[in-house]
Amino acid sequence: MTELLEKRSTRPPSMIYSRSPSPTSRPTSSRPASRATLVTSCNPIQITSSEISCEESRTESHTTLFPVKDQDLLLRRGNTLVVKLHTSVEFTGSYNVSLVFTPAYRSRERFAEFRASGAAKTSSELWLSVTIPTNFPVGKFHAHISLNLRGYLEVLTHFHRGAIMVIFNPWNSEDDSFVESSAEIDDYVLNSQGVIWRGNHRQKIATYWDYGQYEEGSLESALFLLSSLTADECRNVATVTRCLIDQVNDNDGTGVMRSSWTGRYGSGIHPCCWNGSVAVLQRFLHTRTPVKYGQCWVMAGVAVTMMRALGIAARPITCYNMASCSGPTVARYFTSEGDFVHGITSDVVWVYRVCVEARMRRDDLPPGHDGWQFLDTIRSPRIGKAVGPVAPKAVSEKSSKRQLPYLTGVVVAAISAEIKYHRVKAHDLTSIRKASMALVERGTVGVSMVTSTGKNLKDSIDIIWNYKKHEEVDPQPSMTYKMGAFPPPSRDCTFSVSTNDSAILGDTIRLEISIGNCGGMLRTIDGRVVGKIVHYNGTAVRNFFTMQFTGSVSPGQDASVSLPIEGKKYMRHLVPQAMLQFFVCIQARENAQMFIRLHNFVLSLPQLQVSCSDREVPLGQSTRVKLEFKNPLNNSLSRIIFHICGSGLCKQKELSYKKLLLPGRLATMQFPIRPYRLGEARLLACIQCDQLMDVRGDCIINVTDPVQKDDNNNR
């Protein structure tokens, strides 16, 4: 039994938490008016108002930066909820009170109930405290309060006008989202900006991303998506993150974003135009329809935003050379003439694919599987379901993959698959059955998996060792000839392929093929190089370059072939986000030793210059930002649009440059911003035009407290 506290009391009594009966036993209707009146033979009494607050301050519960309406309440699991009831007249005697939580998006489900009872002195106020359990479901709720007073035949009911939002608590050791390291909490829960890595494993490109989990619409979108789960499913991080990762990529018209790699984005926004998650989530929340269009790196950024908003430590991870295949191997085909053949199977190797890691405790798995977990926004092509959360330990220990949930085996194949090269006849490309396997390549899939850490966002760490054993990552990929070859071919030649990776858009690319003869006999070498424009997801666009060469290498000697590829040969074939891929096929005549390599190359793009007139800007005061871009192409740029965003600095902006930008000319634009949040933040900008995409720039702005600055000046 708890006691009623009078106005002068400072500590409210706690309530007893109980699971609610099934939703069908006592359904509640949609929210009625907030006041209910009871008239009996005694004096009429009613609950006139209610106040709900968190005992911990918003600073202590780390919810200060979230935009919460006046009557709403945001708290974390493990926080204490304080309820204050006001009645129209004073009452005396015993009472029974209950606080019922009803999910905001499923109003007919009576989920959780907190009960308390006691005896009161004469008073018109009632104070109660509720400690939210650390396994309480996260979500958005409405509060229904019932008060039963001695001497009254009916129960007083009251609906609190505001909503109560409960999120995870990574600072609480009993919460399954707990993160022990304060540095990791700063980097992966509180930090509202970060880097998404793209490019290839040799030429890693850092793309700044504005997560904006504190902006309007971010938390609300995450809570809305969780309405597809039952209340019990919202208790643990594993099911919540799986729900978010599954719905961020639209599948049935209800997801956040429509994914596309077609290159045709006329009915929506080009994926390269996104700088952050906020604009995506606000559009989705406003229309409740999928936003067009996104790709893996955009959807991963959006998923990380929603997870961080819910209190889950999350980060984007980029897997280089990630396989998408229906089994443990990737099938590739080439002709006898040395041409690489696309489209025979659906097996591809992505140059890079951006996924997500979230930190959680896994009570559903054997001990040792807690910590960072792998999630993929791209559904498995074979099963059509979302992948993850998958524990890295389960991936490295392949023997247990079949017993573990959430498609662990798909992740194993994605980063550890072998590549089998099959030779087909040039005139019969559709007949896979007639293809003969030439060799097996190991060590080229899943070569690296990187993410950012620390204050310097461009400092990357490679976490592939969490998913693979060291002996599985071979810096020199090996090739094995087909089974049953007798006698086994001699392998006395070595081959390697390299490029001038610092080349920028329009430069001449130099492809170097090095050949070494370690044997005692002369080797005659026949080679063929085919240059293709490919998307980063492994699909080909078109060929732009073909060259054959023949030569000989003396015993114990090295030789090299240098192939210069001028910019005019590839520039007119380029498409946004595409890269160059060289298929190199070499064979020694005397011993039939073969070498095959797909070599990807990323052209560096010019930078968009972003500068601010003031490095330090007082909160709420206006400053001006300048954008500058010089046209690097030999043709004019038309229909230029600058996309700008930056959490705490400005809302999403789109500025049109209405002139035609001639070759070599400079485009300049200026606009004002008024920062609305203290601290250091990064303003991000990118360019959209008909001829050039994915050109980005940024600048750091420090927003200071004007009051503190005035105090320092007075001293």
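Structure: see above.
Here is what the cut-offs are and how they apply
Residues numbered from 1 in each chain as written. Predicted model: local features only at pLDDT ≥ 70, side-chain atom pairs only at ≥ 80, totals over all residues. Heavy atoms only, no water. Pairing = 2+ DSSP bridges. Helix = DSSP H or I, 4+ residues; strand = E, 2+ residues; numbered from the N terminus. Axes fitted to C-alpha atoms, helices over the stretch in contact; angles between N-to-C directions. Contact = heavy atoms within 4.5 Å. Salt bridge = Lys/Arg side-chain N within 4 Å of Asp/Glu carboxyl O. Buried < 20%, exposed > 50% of the residue type's maximum accessible area, 1.4 Å probe, protein only. Polar contact = N/O pair within 3.5 Å; in protein donor to acceptor, adjacent residues only side chain to side chain.

Peer 1: Explain the sheet that holds strand 30 (residues 594–601) to me, please; I cannot follow it from the model alone.
Peer 2: Sheet architecture is open: four strands sit in the order 27-26-29-30, paired in antiparallel fashion. Looking at which strands have only one partner, the edges of the open sheet turn out to be strand 27 (540–553) and strand 30. Taking the axes of each pair of neighbouring strands and ignoring which way they run, one obtains an average angle of 15° across the sheet. Here 12 bridges tie strand 26 (residues 523–534) to strand 27, and the two strands are oriented antiparallel to one another. Looking at the pairing, valine 534 lines up with alanine 540 of strand 27.

Peer 1: What should I look at first to understand the environment of glycine 371 in this one?
Peer 2: Structurally, the position occupied by glycine 371 is in strand 17 (residues 371–376). Along the backbone, glycine 371 and methionine 360 are 11 residues apart, and their C-alpha atoms lie at a distance of 5.4 Å. Among all residues touching glycine 371, those that are not within four sequence positions of it are Ala358, Arg359 and Met360.

Peer 1: Explanation requested: the pattern of salt bridges in the structure shown.
Peer 2: Side chains carrying opposite charge are able to pair once their charged atoms draw close together. What the rule picks out here adds up to 25 salt bridges. Across the pair glutamate 654 and arginine 283 runs a salt bridge whose closest N-O atoms are separated by 4.0 Å. Residue glutamate 654 is located in strand 35 (residues 650–657), and its partner arginine 283 is located in helix 4 (residues 278–287); the two are separated by 371 residues in the primary sequence. Glutamate 654 gets classed as partly exposed once you look at its relative accessible area, which sits at 46%. The partly exposed category is assigned to arginine 283, whose relative accessible area is 38%. The salt bridge involving arginine 353 is made with aspartate 376; its shortest N-O contact spans 2.6 Å. Highlighted residues: arginine 353 in strand 16 (residues 348–360) and aspartate 376 in strand 17, separated in sequence by 23 residues. On the basis of relative accessible area, arginine 353 is assigned to the buried category, the value being 5%. Assessed through its relative accessible area of 2%, aspartate 376 is described here as buried. Linked by salt bridges that have partners in common, Arg77, Asp175 and Asp176 make up one network.

Peer 1: What's the story with helix 3 (residues 237–247) in this structure? I'm lost.
Peer 2: Residues three or four positions apart in an α-helix share a direction because the helix packs 3.6 residues into each turn. When you tally the buried positions in helix 3, you get 10 out of 11 residues, the bulk of the element. Among the residues of helix 3, Val237, Ala238, Thr239, Val240, Thr241, Arg242, Cys243, Leu244, Ile245 and Gln247 are the ones counted as buried. Looking at the packing, one finds that the buried side of helix 3 touches helix 2 (218–225), helix 5 (296–309), strand 16, strand 17 and strand 18 (387–390). Its side-chain oxygen 3.1 Å from the backbone nitrogen of alanine 238, asparagine 236 forms the N-cap of helix 3.

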